[in-house]
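Spelled out, the chains give:
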Amino acid sequence: ESLGDHRAKAEKMFGLMDGFLKNDPVSLQKDIVYHVEYTVARSRFSFDDFEAYQALSHSVRDRLIERWHDTHQYFKKKDPKRLYFLSLEFLMGCSLSNSVINLGIRDQYVDALGQLGFEFEVLAEQEGDAALGNGGLARLSACQMDSLATLDFPAWGYGLRYQYGLFRQIIVDGFQHEQPDYWLNFGNPWEIERVQVSYAVKFYGTVEEEVSNGSNYKVWIPGETVEAVAYDNPIPGYGTRNAINLRLWAAKPSGQYDLESYNTGDYINAVVNRQKAEIISNVLYPDDRSYQGKELRLKQQYFFVSASIQDIIRRFKDVHDNFDEFTEKIALQINDTHPSLAIIEVMRVLFDEEHLGWDKAWDIVCKIFSFTTHTVQPEGLEKIPVDLMGSLLPRHLQIIYDINYKFMEELKKKFGQDYSRHARMSIVEEGAVKSIRMANLSIVCCHKVNGVSRVHFELLKTRVFKDFYDLWPLKFQYKTNGVTQRRWIVVSNPSLCAVISKWLGTEAWVRNIDLLAGLRDYASDADLQQEWRMVKKINKMRLAEYIETLSGVKVSLDAMFDVQIKRIHEYKRQLLNVLGIIHRYDCIKSMNESDRRKVVPRVCIIGGKAAPGYEIAKKIIKLCHAVAEKVNNDPGVGDLLKLIFIPDYNVSVAELVIPGSDLSQHVSTAGHEASGTGSMKFLMNGCLLLATADGSTVEIIEEIGADNMFLLGARVSEVPALRDQGASVRVPLQFVRVVRMVRDGYFGFKDYFESLCDTVENGKDFYLLGADFASYLEAQAAADLAFVNQEKWTRMSILSTSGSGRFSSDRTIEEYAEQTWGIEPCKCPF
Ligand code: B1H
C-alpha cells in the first residue's frame with residue numbers, strides 16, 4: 001500500500017469521526033451508558049456501582065487517549081530532546097479523580113452522573129490503588145510524572161507491570177500478615193495493551209567472537225529469550241492538552257519456537273516451561289533498601305531495561321539514520337541504581353550491534369545518563385554478585401570489567417599508587433563475594449549524580465561518595481524532592497482547594513504553586529481562620545468515620561489528630577512515638593481531676609507496612625496494637641488519649657488521612673532520611689510538623705520558620721558523638737520507665753517484646769531513641785500548648801500551607817529539566 005493510499009484510507013476513516021469527544025453532561029451520559037452496554041457488557045437495566053465505575057472510567061479513558069495521541073503526534077513532528085525516566089517502581093494510586101481533574105472535566109462528570117442518580121465520589125471509591133512500588137521513592141516517581149505532563153515536557157516513563165503490587169497488610173490479633181495484591185483481577189481501564197509493541201529480551205548463554213568488515217566483534221548468544229509486551233498508561237497534565245506516557249512492560253513467553261517435535265509429555269512440559277517466562281514481571285519486591293542479590297530481581301531489572309532501551313533506540317532510528325544526534329535528542333534518567341544496567345545495555349548495543357567503536361559509544365553513554373540516589377547508608381547500596389551477573393548477563397559483565405579497567409587507569413594517573421582509594425572506588429568489590437557496585441558504576445558513567453535534599457547532598461559529599469566527589473565535584477548536585485499539589489491538595493482536599501482559590505482569587509496556584517505564598521497576608525484574618533478550621537473539621541469528620549468503621553473506636557473531633565504514616569523502619573522511629581504515647585498514658589493515669597482537665601485530648605494515628613522479613617518492624621506494629629488495646633479500653637482515660645493503627649497504608653489511605661491531620665510526625669534519627677516527602681503533603685494540607693532536623697525538614701524550616709513547627713532531637717552533626725558515647729549517653733528516667741513497662745509485660749506479650757526493648761537499651765540504642773526522648777516530650781508538650789490557642793494554631797497552619805510552595809514536584813522537575821536533562825517544554829496546541 002502506498003503512502004498516498006494509506007492517507008486516503010485514514011482520511012476517510014477519521015472523516016467519520018465527529019470531531020473530538022464532547023464534554024457536556026448529555027454527551028458524557030451517552031458515553032457512560034454506551035460503555036455499560038458495550039464495554040462492560042452489562043445491561044442498561046442492571047448494573048452495580050462497580051460496573052458504573054468501569055463504564056465511567058472507560059469514558060474518561062477515551063478522552064485521555066485523544067490527548068495522548070495528539071501529544072505523541074506533536075512530539076513526533078517537533079522531535080524535541082526527550083527525557084526517558086526509568087524506574088522500577090511507580091506508586092500511582094487511583095487514576096479516576098486525578099484524571100478528570102487534570103482533564104478539567106470533573107464538574108461536568110459530577111453533573112452528568114448526578115442527573116443519572118449517581119454520585120461521582122461513590123463510584124470513585126470503587127477503584128483500587130495501583131501500588132507498583134514500596135514507598136517514597138515510588139510515589140516520588142508518580143508525582144514527577146504528573147509534573148512532567150503538566151509542565152509540557154516531552155517525557156516518557158518506563159517501568160515494570162507487576163501483576164502483584166505491594167502486598168496488602170492485614171492485621172490479625174495485632175500482628176501483620178501479608179496478602180498478595182492481585183490488582184489486575186478486575187481489569188485495568190487505565191492501561192492500553194500494545195500487543196504489537198514487544199521486544200525479545202535475552203538472558204544467560206555465551207559470548208562469541210565474530211569478524212565483520214575486518215574487525216572483531218563480540219556476539220552474545222542467549223540461552224533464554226523472553227518477550228516484553230508494552231502496556232501504556234496515559235498521564236494527563238493539568239491545564240494543558242499534553243498527556244504523556246508511562247510504558248510498563250509485562251513478560252510473556254517468547255514468540256520464537258524451537259522447531260522440534262514432541263511426544264505428548266514433552267509437549268505439555270515444553271508449554272508449561274515457556275509459560276514460566278511470565279514469572280519475571282509477577283511480583284514487586286517488598287523490601288525497600290535491603291539488597292539480597294536475588295536472581296529474579298536482577299532479571300526484572302534487566303528485563304525492563306532491555307525492553308526500554310530497544311524501544312528508545314527504535315523510536316530514535318525511526319527519524320534518524322545515524323547516531324550523530326543521539327545525545328541532542330535523548331536524556332535518560334535512572335531512578336536510584338535499580339535501572340543502572342541501562343547504561344551497560346546502551347554501551348553494548350552501540351558497541352556490539354551498531355559497531356560505533358568503544359570511544360564513540362562511551363562518549364554517547366556519558367552524555368545521556370544521569371542518576372538520582374535516594375540512599376543515605378553505604379550498606380543501602382546495591383551490589384550484584386559477579387557470579388550472578390556473569391551467568392545471567394555474560395556480555396554485560398565483560399563490558400563492566402572493561403569500563404572499570406579504563407577507570408582504574410584514570411585513577412592511577414590521577415592519584416598514583418593510592419591502592420586503598422582504588423579499592424574503595426572500583427566498580428568491582430573484591431571480598432568473600434566478589435560483586436559489582438551498582439552505585440560506583442552509575443557514578444562513573446553518568447554526567448550528573450543528584451541527591452534528594454540538601455542534607456542528603458552534604459552526606460553524599462562527605463561520607464557516602466566522598467572519593468567520587470573529590471574526583472568529580474561538578475558531577476554532584478541535588479534537587480530537593482517535591483510532591484504534586486494536584487493530587488495532594490486538589491484531589492484529596494477539595495474543601496481546602498476551594499478556600500485557597502477563593503482567598504487568592506484564582507486557581508492559578510494549581511499550576512503555579514508559588515502563588516500559595518499569597519495566603520501569608522491573611523494568616524491572621526479571622527474570616528480565613530474560621531473557614532480554614534471548618535475545612536479541617538470536615539476532613540477530620542471523614543477520617544473519624546473511617547476510623548470508626550475500621551476499628552469501632554469513636555474519636556472526638558476536638559482532640560488533636562496526631563499522625564505518623566510511612567513505612568515502618570527503626571530509623572523512622574515509630575517506636576519513639578509509641579513510647580511517647582505510653583508516657584502520656586502513664587501521666588494521665590497518675591493525674592488528679594484538675595490536672596486532667598488541662599490535658600489536650602489526642603488521637604494518635606499510626607500507619608505503615610513492615611517488610612515481610614523485617615522482624616523488629618513487625619514487633620513495632622504489634623506493640624502499637626498492644627498499647628492501643630490497653631489505652632483505648634481504659635475508662636479512666638476516655639477521650640484524653642486514643643491510639644489507632646490504620647491497616648494497609650497506601651496512597652488512597654494517605655489521601656484520606658493527611659487532610660484530616662492536625663499534627664504529623666517525621667522523627668527519623670538525623671542523617672538517616674534522605675529526604676522524606678510525606679511531610680510535604682502534610683504541609684500543603686495545613687498540618688503542623690513535629691520533626692527532627694533531617695532530610696528535607698531542614699529546608700522546610702527555612703520556608704516556614706522554626707516557630708511554626710515543633711522541632712526536636714539531635715542534629716546530623718551531633719549524632720556521631722552521641723553514638724560514640726554508647727551506654728553512657730544520657731537517657732531520661734521517663735525513657736527507662738516506659739521501656740521497663742513494655743519489658744515487664746504491662747501490655748502483655750512480655751517475651752515477644754523483649755528483643756524489641758533490647759534494640760534501645762544497654763548501649764545498643766543505635767537510633768538514639770533514649771538520647772532524643774526528653775527533647776521529643778518537650779516538642780510534644782509545645783504542640784499541646786499551641787493547640788490550646790486555636791487562633792495561634794490556625795495561623796501556624798495557614799503559614800504551613802503558604803510556605804509549602806518550594807516542595808512542589810513542579811519546582812523539582814523544572815530544576816532537573818534545566819540543570820540535568822537539558823529539555824524544554826513542547827506544548828501540544830489545543
Ligand atoms: C528511598 C529507597 C529504596 N530511598 C530500595 N531508597 C528499594 C531503596 O526495592 N528496593 O530495593 C526501594 C526503595 N527509597 C526513599 O526515597 C528515601 O528513604 C526517602 O527519604 C526519600 O524521600 C524517597 C524519595 O527520594
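Procedures and definitions
- Residues numbered from 1 in each chain as written.
- Predicted model: local features only at pLDDT ≥ 70, side-chain atom pairs only at ≥ 80, totals over all residues.
- Helix = DSSP H or I, 4+ residues; strand = E, 2+ residues; numbered from the N terminus.
- Buried ≥ 20, exposed ≤ 12 C-beta atoms within 10 Å, placed from the backbone.
- Contact = placed C-beta atoms within 7 Å.
- Near = placed C-beta within 6 Å.
- Nonpolar A, V, L, I, M, F, W, Y, C, P; charged D, E, K, R; others polar.
- Domains from an automatic or database assignment.
- Pairing = 2+ DSSP bridges.
- Axes fitted to C-alpha atoms, helices over the stretch in contact; angles between N-to-C directions.
- Parallel < 35°, antiparallel > 145°, perpendicular 65-115°, else oblique.
- Left-handed = near helix turned anticlockwise from the far one by under 90°.
- Core = buried A, V, L, I, M, F, W, Y, C linked by C-beta atoms within 7 Å.
- Right-handed = clockwise from strand over helix to strand, strands pointing away.
- Expected span 1.5 Å × (residues − 1).

Enquirer: Help me get a handle on the overall build of the protein, residues and values and all.
Expert: Each helix and strand in the protein was counted, giving 33 helices and 24 strands. Dimensions along the principal axes, computed over C-alpha positions, put the protein at roughly 95 × 75 × 60 Å. For the protein, buried positions account for 49% of its 830 residues. Within the protein, counting contacts between residues at least 6 apart in sequence, those at least 24 apart form 77% of the total.

Enquirer: Describe the site of the ligand, listing the residues and the values that go with them.
Expert: The immediate surroundings of the ligand are formed by 19 residues, with G136, L137, D288, H374 and S675 found nearest. The class makeup of the residues in the shell around the ligand is five nonpolar, 10 polar and four charged. Two domains each provide a minimum of three residues to the shell around the ligand, namely domain 2 (79–94 + 129–260 + 276–478) and domain 3 (538–816).

Enquirer: Run through the sheet that holds strand β19 (residues 560–565), naming residues and quoting values.
Expert: Taken in spatial order, the six strands make up an open sheet running β21-β20-β19-β22-β23-β24, and their pairing is parallel. On the outer flanks of this sheet lie β21 (641–646) and β24 (710–712), each paired with one strand and no other. Taken pair by pair, the neighbouring strands of this sheet meet at an average axis angle of 20°, ignoring direction. Of the pairings in the sheet, the one linking β19 to strand β20 (residues 602–607) comprises six bridges and is parallel in character. The partner of I565 across the bridge, within β20, is G607. In the packing of helix α24 (residues 615–632) onto the sheet, the strands contacted are β20 and β21, and the crossing angle to β21 comes to about 145°.

Enquirer: Talk me through the sheet that holds strand β15 (residues 428–429); I want residue IDs and the actual numbers.
Expert: Pairing in this open sheet of three strands is antiparallel, and the strands run β14-β16-β15 from one edge to the other. The strands lining the two open edges of the sheet, one partner per strand, are β14 (383–385) and β15. In terms of strand pairing, β15 meets strand β16 (residues 435–437) through two bridges, oriented antiparallel. Looking at β16, one finds that E429 is bridged to S435.

Enquirer: Quick one: what's the story with the packing of helix α3 (residues 49–78) against helix α4 (residues 96–103), residue by residue and with numbers?
Expert: Two numbers describe a pair of packed helices, the interaxial angle and the distance between the axes. With their axes 11 Å apart at the nearest point, α3 and α4 run at an angle of 45° to one another. By the angle between their axes, α3 is oblique relative to α4. The handedness of the crossing between α3 and α4 comes out as left-handed. Within the contact between the two elements, α3 uses S57, V60, R63 and L64 and α4 uses L96, S99, V100 and L103.

Enquirer: Tell me what's going on with the domain arrangement of the protein, and back it up with residues and numbers.
Expert: For the protein, the assigned domains read domain 1 (22–78 + 95–127), domain 2 (79–94 + 129–260 + 276–478) and domain 3 (538–816). Spacing between the C-alpha centres of domain 1 and domain 2 amounts to 34 Å. Of the residues lining the interface, 22 residues belong to domain 1; the matching set on domain 2 comes to 17 residues. If you list the elements that add at least two residues to the side of domain 1 that touches domain 2, you get α3 and α4. In terms of residue count, α3 provides more of the side of domain 1 that touches domain 2 than any other element does, 13 residues in total. By residue class, the composition of the side of domain 1 that touches domain 2 is six nonpolar, 10 polar and six charged.

Enquirer: For the nonpolar core, give the residues involved together with the corresponding values.
Expert: Ranked by internal contacts, the top residues of the largest apolar core, which has 234 residues, are F303, C624 and V627. Of all the elements, α24 adds the most residues to this core, at nine residues. Non-local contacts of C624, meaning those with residues more than four positions away in its chain, are made with V578, I606, L643 and F645.

Enquirer: Account for the pairing of β21, naming residues and giving values.
Expert: Counting buried positions over the six residues of β21 gives six, a clear majority of the element. Burial along β21 is two-sided: the residues L641, L643 and F645 and K642, I644 and I646 are all buried. Alignment of β20 against β21, held across six bridges, turns out to be parallel. Bridge pairing in β21 links I606 to F645. In this region the chain leaves β20, passes through α24 and returns to the parallel neighbour β21; the handedness of that crossover is right-handed.

Enquirer: Break down helix α7 (residues 136–150) for me, with residues and values.
Expert: When the terminal C-alpha atoms of α7 are compared, their 21 Å separation across 15 residues agrees well with the 21 Å that a helix rising 1.5 Å per residue should span. For α7, a buried count of 15 out of 15 residues is recorded, marking the element as mostly surrounded by other parts of the structure. Count one or two residues on from α7 and you reach D152, which has phi positive near 65°.

Enquirer: Which residues make up unusual backbone geometry, and what values go with them?
Expert: In the Ramachandran plot, D336 falls in the positive-phi region, its phi being about 60° despite a non-glycine side chain. Relative to the assigned elements, D336 resides in the loop between β12 (330–335) and α11 (341–353). Of the residues examined, D336 has 25 C-beta atoms within 10 Å and is grouped as buried. The phi angle at N762 is positive, at roughly 55°, despite the residue not being glycine.

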